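Each chain, letter by letter, is given below.
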Amino acid sequence: MRLTCPLCGERDLREFSYTGDAVLCERPAPEAGPEAWDAYLHLRENPAGVARDLWHHGAGCSAWLVVTRDTVTHAVIAVALADAP
Amino acid sequence: MRIAGRGLVDPGRVIGFSFDGRPYTGLAGDSLASALLANGVRLMGRSFKYHRPRGVMTAGSDEPNALVTVGRGGDRRPNERAPMVELFDGMEAVSQNRWPGLGLDVMAVNDLLSPLLGAGFYYKTFMWPRAFWERVYEPLIRRAAGLGALSGLPAPDVSDKVFGHCDLLVIGAGPAGLMAALVAGRAGADVILADERDRMGGRLLDEDEMLGGAPARAWVAASLEELDSLPNVRRMARTTVTGAYDGGTYGALQRGAPGAVHHSFWRIAARRAVLCAGALERGIAFPGNDRPGVMMAGAVRRYLHRHGVAAGQSVAVFGNNDSAHRTARDLHAAGVRVAALIDTRPEVPQYADYETFAGAEVVATRGRLGLRGITIRQNGRERRLRADTLAVSGGWNPAVHLTCHMNARPLWRDDIAGFVPPEGAIPGLGVAGAAAGVFSTHGALSTGARAALAALSDLGLRATMPDLPGAEDAPFAITPHWQVAGRGRAWLDLQNDVTTKDVAQAARENFRSVEHMKRYTTLGMATDQGKGSNVNALAVLADATGRGIAETGTTTFRPPYVPVPIAAMGAGASGAGYAPQRFTPSHGASVEKGAPMIEAGLWYRPGWFPRPGETTWRESCDREVAMVRNAVGICDVSTLGKIDIQGPDAAAFLDFVYANRFSTLKPGRVRYGLMLREDGHVMDDGTTACLAPGHYVMTTTTAAAAPVLKHLEFVSQVLRPEWNLRLAPVTEQWAQFAVAGPRSRDLLNALLDDEIGNDAWPFMSCGAVSVCGVAARLFRISFSGEHAYEIAVPARYGDSLFRLLVALAEGLGGGAYGMEALNVLRIEKGHLTDAEIDGRTTACDLGMGRMVSPDKDCIGKMMAARPGLRDPARERLVGLRPVDPQAPVSAGAHLFNPGDKAERVHDQGHVTSVAWSPTLNSNLALAFLKHGPARLGERIRLVDHLRGHDTLCIVTDPVAFDPEGGRLRG
C-alpha cells in the first residue's frame, strides 16, 4: 500500500501509522455532555465502502493525515492534511 | 541422454556435482534436473504421503516431485525444485523424504496401506480416544510431516531486502513480456523486466520456432541486446514476482547466481504492470500417471531445446491438444525415438513419421522405479507399448495467480478449457500473452505490445504500435480430457498424493465446495500450491457433483506464487537489524568502567558500576544509593525524551496538553507536569522548563518519548491548528546528566565557569551556564529526592562531560550510579515510572487528583471526571513496608486482608515496584490498594503465588524517605 503525503509525495506504507477513524479530529466542546464524549471516544462506524481514517507520517514529515479509502477495494481516494477543513 | 548440438549449454564447460553422494557431471547451463536426466537419472524424490517413487515432472517452478536439499551446513536449503536449481561446480544435492535411500524407502509401506489412508483419513482416524491426541497422535503426525529438513544452524546472513521503483513492471520475459518491455523501453518509460528463469526468452527458448524469418532465439538475443542498451530498462533474471499488493506494490524473490546462497526479496512499487507470466501445462489423470518418466510434454521440449537433453530414449506422447504434437515432432527431428503419439481426439494432425493413435487413451503404466511401458486403449481394445518416457499434455492453464491476489476470481473459457483473469482484477495491472489465454506467438507479441501501449498512455507517454515480426499464429485446438477411467490410482496432486478417487470420495461425503474438497483431501496444499493439480481436480469435482467447471469455481490463489525463504523475507531483521541499538553519550565510558548494560527499549543503560571487591549487583547498588544520599552521584539521563516547544502559543498549548497549569511558569523555572490521555487515564509525566518567554523544553519518560511527541503533534496539528507553535524532538541533541546528592553543588562549582548559589538557583530553577566554555543548560530538579541538578550539553560533549563529572564526584566520595540505584532512590521517594503509569491509572489513583486544574480545559479532563475514575474505592497508590524488614516483596504480587484467603475474589490490589532500601534498612514496595490512602497504618498480606511469598506489610505513604522534602532544598 502507498499513500501520497501532501507534503512529501507518494511513500510506502511503512512510513505511516494508522490511528483509527478521522472522527478523532472533531473533539467535542467541554460542555458537549457525556453522550457526545462517549461517541467521540468510543463509538465507531465499520463501513464496507468509503472510510475516513487518521494516519501519521511518523517516518516522514510528522504530518497527521486524513486518508479517504475504500475498505472494499482498498482504493485510496484522497489524502489530506488533517487540519485542512 | 545428451543430444549434441542442441540446447543453450556450453559443452566446453563440464561441471561436477553429486546427487545422494554419487558423483555426476553436467554442463554449464544445466539445471540439476536436466543434468540428472542427461545422466539417465529419473528417480529424484518420494511423495509426501505414500512415499511413491517420483521423477521430475516439469521444467519450472511448478515442479511437484523433484524436491531436493542443496548445500550443507548452515547453507543447506531444503525443498529446492530441481528444475530451478542451476548447476554449479561442487554442488551437493540429496533427495528427501526417504529412508534409508531413494531406491529403497521403508516408509513406502504407507503405499500398501493406501486403501486405509484416503481422503479425510486424518479427520476420521485421529479422533479417538481423546487421551491419544497429545501423547500418541501428535508426535506421530509430527514425525511423518514435512519434506526436507532445515539444518538447524544459523543461516549465513547474506540475504537482502530491496525496494524497487518503476513506471512499468513487466512480469515474465517470454514473447509477450519482451515485446512489452521493448515498447515501453523505447518510449522512455522506467521499466523493470522480471523473469523467474536464469535466461530470458520464456517459451521461445523451449521451442523450435521461427520469428521474423529467423530462429526465435535470434530475435530473443537481439531484443535483449536492445533492452540492455536502454538505460531506462532494468532486466532482472532469476526473479519471481510472488505477490500483487495494494497501490501497485509487488513482491519479488530474486535468486542468486548459481551456487550463491544469496536471495533478495524485493518490494517493487510500479505505477503500472503487465503480467506476461505465460501458462502452466497440466496433465491428464490416468491410472499410474505418477511413475518416474511420466512428464509434461512442454517440459520435455524445454529439456530438449534449452538444455539439449532427451528426457528418455523411447518417448510416448499423450495429449488432447496440438501442443502435444510439437513434442513428438521435435523429438523425432532430434533423432529421439517416438514410441507413439496417443491423442484423445478422433482427428489429429500428423507432423512426422511416427505411430499415431487417435481417439485413444493411456490406461495403465508399468515400471517400479521408472517407466518401462504403457497400455493404451483405442476403440475398446487395449495394447501394450514399450516406452521409458511418457510426455503428457492435458492443456494449458494461464498463470492467473497474481491477478487473484486481491480477491478477484478467474473466468472460465470453454474454447481454451482454461481460466483467464477478469478485467481490472488488480488496479494498474494489464495481462498479455498466454497468461491472458492468448496462446499463439503472434498473439503474445501483439497483446504484449498493446498492454504496454495502454500502460504508457496511462503514464502520459506517447508510443505507437511497432511492426511485429512474423510469427506462428495457429488457433489453439483442444478437447478437454480430464481423467481416464480404469483400474488403479490416477493422481491429481502428486506432491500430496491425492487421486481422482479421493476427490470423488470427498464429493460423496458432501465436501462439495471446492474449498472444502481442498481441505478434506489436502489437494493443492503442498509447496506447489496445486499449480499442476488445481484445475484438473475441480474438473473432476465438477464431474462428481454434476456441475460445470465455471460453477464449481477455483480455490483462492494467495501470495506467494512460489515458496519464499523466511531468510529472504526477513533479511537483515536479526540481531541489531531487528532491534537497533541506541547508545547514550556515556556508553563508552560506562562500558570501560565494567558496567553491565541493560536494555531499556532500544536504549542500553548501565545497570550498576561495580568496584573492586564487589561481587553482587546488590553490593554495588547499595553503595551507589548511599553515595547519592551522602555525597554525590552521576547518572546519564539522556534517554529521557526531550521536546523543544517554541512559539507565542506554546504556553496555552502546555496548559491544554498537561492536566496542571503551565502558563504561569516563569522563565528560569521548571514544573512537574502530568499528562492525560483523552480517556482520562494518565499518559505520561515529566518536567517542563521555561527557558525564555515562549520557549520550553519538555521531558518525557524514556519509553514514552515517541508516543508523547506523536500525541503533541496531533494536538498541535489537528485539535489546535490555529495556535502558533512548533515542536522539535531534541532527545538525541542533548546529553543530560543527573548530579545528585548533598555535595552536588560543590561538584558543579568545581566545574562550571561561574559559581552557582542557592539563592540564584533554588529548587525547580533552570538556566544557561557555561562549562569549560561550552554553553550548557542547568536544571535544579531531582528524581532521587536529594539536592540535585541535571546538566545538559550538546551531545558531542557528552562523553567528555560524563568522564569529568564522574572524576569530580569520585573526588568527593561519590561516583557514577546506574539504573538499579536510580530505581531504589525513586522508590524510597515514591516517584513514579511506567510501572505505576501503566495506562490504567488515573491522576486520582496516583494521588495527584488535585493536579487536574479546575479552571481550564485540557486533554482528558472530561473523561477523568467520570465517577468511575474518581471512585475512592479504586486501587490507589500506597507504599508498603514489611513488618519484618527482610521479608521478601515482589512486583506483581497481590494484596489481601490478613483474615482472607489469598484468592482472586478477595483481591485488594497489586504491587508495582519493589526495592531493598539501604537507606531505611528495609524492603519497600509501591502498590495499588483499594481505598489506599485511607488505609495508612493498616496491615495487609502481600502474596506472590508464583514465587511463594506471603509477607505481612504495613500500608504507608508512598514517600518513604524524607517526606517533607527538606533534602531537596538543602
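Keep in mind it's a predicted model, so treat the numbers as computed, not measured. (Residues numbered from 1 in each chain as written. Chains lettered and ligands numbered in written order. Predicted model: local features only at pLDDT ≥ 70, side-chain atom pairs only at ≥ 80, totals over all residues.)

A word on the overall build of chain B
Step number 1: Secondary structure summary: chain B contains 24 helices and 50 strands in total.
Step number 2: The globule rule puts the C-alpha radius of gyration for 970 residues at 30 Å, and the 38 Å found for chain B is more than 25% above it.
Step number 3: Going through the 970 residues of chain B one by one, you find that 51% of them count as buried.
Step number 4: Nonlocal contacts in chain B, meaning residues at least 24 apart in sequence, comprise 66% of its contacts between residues at least 6 apart. (Helix = DSSP H or I, 4+ residues; strand = E, 2+ residues; numbered from the N terminus. Rg over C-alpha atoms; globule rule 2.2 N^0.38 Å. Buried ≥ 20, exposed ≤ 12 C-beta atoms within 10 Å, placed from the backbone. Contact = placed C-beta atoms within 7 Å.)

Structural notes on the overall build of chain A
Step number 1: Regarding its fold elements, chain A presents one helix and six strands.
Step number 2: In sequence order, chain A lays out its α and β elements as β-β-β-α-β-β-β.
Step number 3: Taken over the C-alpha atoms alone, chain A extends approximately 40 × 30 × 20 Å along its principal axes.
Step number 4: Classification of the 85 residues of chain A by burial places 20% in the buried group.
Step number 5: Considering only contacts in chain A between residues 6 or more positions apart, those separated by 24 or more positions represent 50%.

Considerations on helix α11 (residues 514-521) of chain B
Note on helix geometry: an α-helix contains 3.6 residues per turn, so any two residues three or four positions apart are oriented the same way.
Step number 1: Where α11 of chain B is concerned, the buried positions are V514, M517, K518, Y520 and T521 of chain B.
Step number 2: One or two steps after α11 of chain B, the chain reaches T522 of chain B, where phi turns positive at roughly 70°.

Here's the deal with the sheet that holds strand β6 (residues 77-81) of chain B
All names here are of chain B.
Step number 1: Strand order in the open sheet formed by five strands is β2-β1-β7-β5-β6, and the pairing between neighbours is mixed. At either margin of the open sheet sits one strand with a lone partner, and together these are β2 (22-28) and β6. Shown here is a sheet whose adjacent strand axes are inclined to one another by a mean of 40°, direction ignored.
Step number 2: Where strand β1 (residues 10-19) meets β2, seven bridges bridge the pair, whose relative direction is antiparallel. Across the sheet, residue S18 finds its bridge partner in β2, namely P23. (Pairing = 2+ DSSP bridges. Axes fitted to C-alpha atoms, helices over the stretch in contact; angles between N-to-C directions.)

Some thoughts on the sheet that holds strand β23 (residues 381-386) of chain B
Residues and elements named next belong to chain B.
Step number 1: Strand order in the open sheet formed by three strands is β21-β22-β23, with antiparallel pairing between adjacent strands. The sheet is open, and its two edges are formed by β21 (360-366) and β23, each paired on a single side. Looking at each pair of strands side by side, their axes are set apart by 25° on average, direction ignored.
Step number 2: Sheet analysis places strand β22 (residues 373-378) next to β23, joined by six bridges and oriented antiparallel. Bridge pairing in β23 links I374 to L385.

Regarding the interface of chain B and chain A
Step number 1: Taken together, the 19 residues of chain B in the interface contact 18 residues of chain A.
Step number 2: Counting only elements with at least two residues in the side of chain B that touches chain A, the list comes to α18 (705-719) and α22 (861-864) of chain B.
Step number 3: Counting residues per element, the side of chain B that touches chain A draws most heavily on α18 of chain B, at six residues.
Step number 4: Its residues placed into classes, the side of chain B that touches chain A shows nine nonpolar, four polar and six charged. (Nonpolar A, V, L, I, M, F, W, Y, C, P; charged D, E, K, R; others polar.)

What to know about the confidence of the model for chain B
Step number 1: Mean pLDDT over chain B: 94, with 99% of residues reaching 70 or higher.
Step number 2: In the model output, the complex is listed with pTM 0.90 alongside ipTM 0.98. (pLDDT = per-residue confidence, 0-100.)

Looking at helix α6 (residues 216-229) of chain B
Residue and element names in this part refer to chain B.
Step number 1: Counted at 1.5 Å a residue, the expected span for α6 with its 14 residues is 20 Å, and the 20 Å between its end C-alpha atoms agrees.
Step number 2: Among all positions in α6, only A216, W219, V220, S223, L224 and L227 are buried. Each buried residue of α6 lies within a common arc of 130° when the element is viewed along its axis, so the set occupies one face. Opposite the packed face of α6, turned more than 90 degrees from it, sit the exposed residues E225, D228 and S229.
Step number 3: The inward-facing, buried residues of α6 contact α5 (175-186), β9 (191-194), β10 (210-211), β11 (214-215) and β12 (233-236). (Expected span 1.5 Å × (residues − 1). Arc of directions from axis to C-beta.)

So, the packing of helix α10 (residues 500-508) of chain B against α11 of chain B
Residue and element names in this part refer to chain B.
Step number 1: Their axes nearest at 10 Å, the elements α10 and α11 cross at an angle of 120°. The orientation of α10 relative to α11 falls into the category oblique. Once α10 is placed against α11, the crossing between them reads as right-handed. On the side of α10, the interface is formed by D502, V503, A506 and A507, while α11 contributes M517, Y520 and T521.
Step number 2: Its residues assigned to classes, the contact of α10 with α11 comprises five nonpolar, one polar and one charged. (Parallel < 35°, antiparallel > 145°, perpendicular 65-115°, else oblique. Left-handed = near helix turned anticlockwise from the far one by under 90°.)

Here we look at the environment of R42 of chain B
Residues and elements named next belong to chain B.
Step number 1: Along the chain, R42 falls in the loop between α1 (32-38) and β3 (45-46).
Step number 2: Judged by C-beta crowding, with 25 C-beta atoms within 10 Å, R42 ranks as buried.
Step number 3: For the pair R42 and V85, spaced 43 residues apart in the sequence, the C-alpha separation amounts to 16 Å.
Step number 4: R42 has contacts with G55, P292, G293 and G370, leaving out every residue within four places of it along the chain.

Regarding unusual backbone geometry
Residues and elements named next belong to chain B.
Step number 1: Residue P559 is joined to P560 through a cis peptide bond whose omega torsion reads -5°.
Step number 2: In this fold, P560 is placed in the loop between α13 (549-552) and α14 (566-569).
Step number 3: In this structure, A417 takes a positive phi of about 50° despite not being glycine.
Step number 4: Residue position: A417 is located in the loop between β26 (411-413) and β27 (418-420).
Step number 5: Residue classification places A417 among the buried residues on the basis of 23 C-beta atoms within 10 Å.
Step number 6: Unlike most non-glycine residues, C772 shows phi in positive territory, near 50°.
Step number 7: Among the structural elements, C772 can be located in the loop between β41 (766-771) and β42 (774-779).
Step number 8: A tally of 13 C-beta atoms within 10 Å means that C772 is categorised as partly exposed.

Side note on the nonpolar core
Residues and elements named next belong to chain B.
Step number 1: Counting residues in each nonpolar core, the largest one holds 166 residues, and the members touching the most others are A180 and V274.
Step number 2: In this view, A180 contacts V170, V274, C276, A432, G448, A449, A451 and A452; residues no more than four positions away in its chain are not counted.
Step number 3: Membership of the second largest hydrophobic core comes to 108 residues, among which are I645, L747, A809 and V911. (Core = buried A, V, L, I, M, F, W, Y, C linked by C-beta atoms within 7 Å.)

Structural notes on the environment of D343 of chain B
Residues and elements named next belong to chain B.
Step number 1: Note that D343 resides in strand β19 (residues 337-343).
Step number 2: For the pair D343 and L880, spaced 537 residues apart in sequence, the C-alpha separation works out to 89 Å.
Step number 3: If we skip the residues at most four places from it in the chain, D343 touches G319, N320, A324, V348, T356, F357, A358 and A360.

Observations regarding the environment of K861 of chain B
Step number 1: With respect to the secondary-structure elements, K861 of chain B resides in helix α22.
Step number 2: Once the C-alpha coordinates of K861 of chain B and R677 of chain B are considered, the two residues, 184 residues apart in sequence, prove to be 8.8 Å apart.

Digging into the pairing of β19 of chain B
Note on strand geometry: in a regular strand, side chains alternate between the two faces of the sheet.
Residue and element names in this part refer to chain B.
Step number 1: Summarising burial for β19: six of the seven residues are buried, a large majority.
Step number 2: The pairing of β19 with strand β20 (residues 356-358) spans three bridges and is parallel. Counterpart to I342 in the pairing with β20 is F357.

Comments concerning the packing of α10 of chain B against helix α12 (residues 534-545) of chain B
Residue and element names in this part refer to chain B.
Step number 1: Relative to each other, α10 and α12 sit at 45°, their axes nearing to 9 Å. Overall, the two elements α10 and α12 adopt an arrangement that is oblique. In this structure, α10 meets α12 at a crossing whose hand is right-handed. Within the contact between the two elements, α10 uses T500, V503, A504 and A507 and α12 uses A537, V540, L541, A544 and T545.
Step number 2: Taken together, the residues of the contact of α10 with α12 sort by class into seven nonpolar, two polar and no charged.

Considerations on the pairing of strand β18 (residues 314-319) of chain B
Residues and elements named next belong to chain B.
Step number 1: Counting buried positions over the six residues of β18 gives five, a clear majority of the element.
Step number 2: Pairing analysis gives six bridges linking β18 to β19, with the strands arranged parallel. Note that in β19 the partner of V317 across the bridge is L341.
Step number 3: Following the backbone out of β18, through helix α8 (residues 322-333) and into the adjacent parallel β19, one traces a crossover that is right-handed. (Right-handed = clockwise from strand over helix to strand, strands pointing away.)

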